[in-house]
Amino acid sequence: MTTDLLHPFIFEQSAVRGNHVMLDKSLFKALEHQTLDPALKKVIGEFTAASVLLTATLKMQGKLILQLQSQGSLQLLVVECTSDLNIRATAKVSGELHGHGLTQWLTQGQLVITLMPEQGEPYQGIVPLEGDNIATMLENYMLRSQQIDTRLWLTAEGDRAAGLLLQKLPQQQEYDLDCWNRVQHLAGTVTDEELLNLEAITLLQRLFLEEDVRLFSGREVEAFCSCSQANVTNMLQMLGLAEVRSIIEEQGSVEIQCDFCHKHYVVDEDEALALFDEDDDHKVTH
């Protein structure tokens, strides 16, 4: 039995829905090739749990990309989650991470949320960071940019992470008008230990004992990196012949390592030059 599951649920006769997620083996696999400070690993775990919770609220087929960008010691934090709940995550750090709080690592930071549907145009929202933790930052984004009331409770420890999401859906018929205020208060009593260790049905029964909650079947979450030789080829073609030749002259071949899974790709001179038309010499020099 896998413990890496996303469970949707709804409160009957209301406009409130929710998701619960637990990550274990999937998070370990997603981060196993990266050397991370324990405090940073906790933040990545929470960010990854949040990405799954939010992706599960979307109707599109494609992927959601969450990014924290800053000029501070934590320069970049990226998590991707597909509509099939495949996850990957990485971080880029400059120097030492001083202090234990996320806000101490971020300078002039911004939150970037990108939706990449399989059909249609990508959408990207960029906002300044508001809040001192991942949950608050995402709640503020959802309210200000999407006009959707959203509450998140996130935690991570070691190679495990978990989270709970509540959302009030706009323009939906509701008969229990106090439900949103009531269940927010009840969910706010949850502890990190409960999030990490209780199955969805047990947690919801404990938090919402007197509420009419319908829990749906769980969906499995898995780690999967989408890097490939084909993606490397596309990247080299985008760089152009002149740049690729410059790299080969300096290094003898083109070597690329995936930031997520750390898989190593090597393209030798003949393979690299074969990617370009003979006319490219003319295109580059004129």
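For clarity, every value in this text was computed on a predicted model and none was experimentally measured. (Residues numbered from 1 in each chain as written. Predicted model: local features only at pLDDT ≥ 70, side-chain atom pairs only at ≥ 80, totals over all residues. Heavy atoms only, no water.)

Trainee: Would you take a moment to explain a negative patch on the surface for this structure?
Mentor: A cluster of acidic residues, Glu-249, Asp-268, Glu-269, Asp-270 and Glu-271, forms a negative patch at the surface. Assignment of secondary structure puts Glu-269 in helix H10 (residues 269-273). (Patch = residues over 30% accessible without salt bridge, like charges linked within 9 Å, V, L, I, M, F, W, Y side chains within 5 Å. Areas by Shrake-Rupley, 256 points an atom, 1.4 Å probe, with all protein chains shown as cover. Salt bridge = Lys/Arg side-chain N within 4 Å of Asp/Glu carboxyl O. Lys, Arg positive; Asp, Glu negative; His and termini not counted. Charge placed at Lys NZ, Arg CZ, Asp CG, Glu CD. Helix = DSSP H or I, 4+ residues; strand = E, 2+ residues; numbered from the N terminus.)

Trainee: Any chance you could explain unusual backbone geometry here in plain terms?
Mentor: Excluding glycine, residues mostly have negative phi values, and the peptide bonds linking residues are mostly trans. Although it is not a glycine, Leu-85 sits at a positive phi angle of roughly 65°. Here Leu-85 lies in the loop between strand E4 (74-82) and strand E5 (86-93). Here Gln-147, not a glycine, exhibits a phi torsion of approximately 55°, which is positive.

Trainee: Is there a simple way to explain the sheet that holds E4 in this structure?
Mentor: Sheet strands line up and pair through hydrogen bonds in the backbone, either parallel or antiparallel. Pairing is mixed in the open sheet, where six strands are placed in the order E7-E6-E3-E4-E5-E12. Edge positions in the open sheet fall to strand E7 (123-128) and strand E12 (222-223), since each of these has one partner strand only. One ladder, built from eight bridges, connects strand E3 (residues 62-69) with strand E6 (residues 110-117); its direction is antiparallel. Within E6, the position partnered with Gln-67 by the bridge is Val-112. (Pairing = 2+ DSSP bridges.)

Trainee: Help me out: how do you make sense of the nonpolar core in this one?
Mentor: If you look at soluble globular proteins, the nonpolar side chains tend to sit buried side by side. One finds Leu-102, Ile-134 and Leu-138 to be the most contacted residues of the largest nonpolar core, which totals 49 residues. Setting aside anything within four residues of it in sequence, one finds Leu-102 in contact with Val-43, Leu-68, Leu-74, Asp-132, Asn-133, Ile-134 and Met-137. Counting 20 residues, the second largest nonpolar core, distinct from the first, contains Val-16, Trp-153, Val-190 and Leu-196. (Core = buried A, V, L, I, M, F, W, Y, C linked by side-chain atoms within 4.5 Å. Buried < 20%, exposed > 50% of the residue type's maximum accessible area, 1.4 Å probe, protein only. Contact = heavy atoms within 4.5 Å.)

Trainee: Could you clarify how one ought to interpret the pairing of E6 in this entry?
Mentor: Two faces make up the sheet, and in a regular strand the side chains alternate between them. Both E6 and E7 contribute to a ladder of six bridges, which runs antiparallel. By the bridge assignment, Leu-111 is partnered in E7 with Val-127. Between E6 and E7, which pair antiparallel and follow one another directly, the connecting turn spans five residues, one of which, Gly-120, has a positive phi of 100°.

Trainee: Where do I start with the packing of helix H2 (residues 38-55) against helix H4 (residues 134-146) in this structure?
Mentor: Packed helices, taken two at a time, are described by the angle their axes make and the gap between the axes. It is the contact of H2 with H4, at a shortest axis distance of 10 Å, that shows an interaxial angle of 35°. Our pair here, H2 against H4, has a crossing hand that is right-handed. Facing Val-43, Glu-46, Phe-47, Ala-50 and Leu-54 of H2, the residues of H4 in contact are Ile-134, Leu-138 and Met-142. Of the residues that constitute the contact of H2 with H4, the class distribution is seven nonpolar, no polar and one charged. (Axes fitted to C-alpha atoms, helices over the stretch in contact; angles between N-to-C directions. Left-handed = near helix turned anticlockwise from the far one by under 90°. Nonpolar A, V, L, I, M, F, W, Y, C, P; charged D, E, K, R; others polar.)

Trainee: How should the side chain of Asp-4 be read in this particular structure?
Mentor: Assignment of secondary structure puts Asp-4 in the segment before strand E1 (5-11). Engagement of the side chain of Asp-4 in a polar contact is seen with the backbone nitrogen of Asp-24, the distance being 2.7 Å. Reaching out from Asp-4, the side chain makes a polar contact with the backbone nitrogen of Lys-25 at a distance of 3.2 Å. If sequence neighbours within four positions are ignored, Asp-4 has contacts with Met-22, Leu-23, Asp-24, Lys-25, Ser-26, Leu-27, Arg-219, Glu-220 and Val-221. (Polar contact = N/O pair within 3.5 Å; in protein donor to acceptor, adjacent residues only side chain to side chain.)

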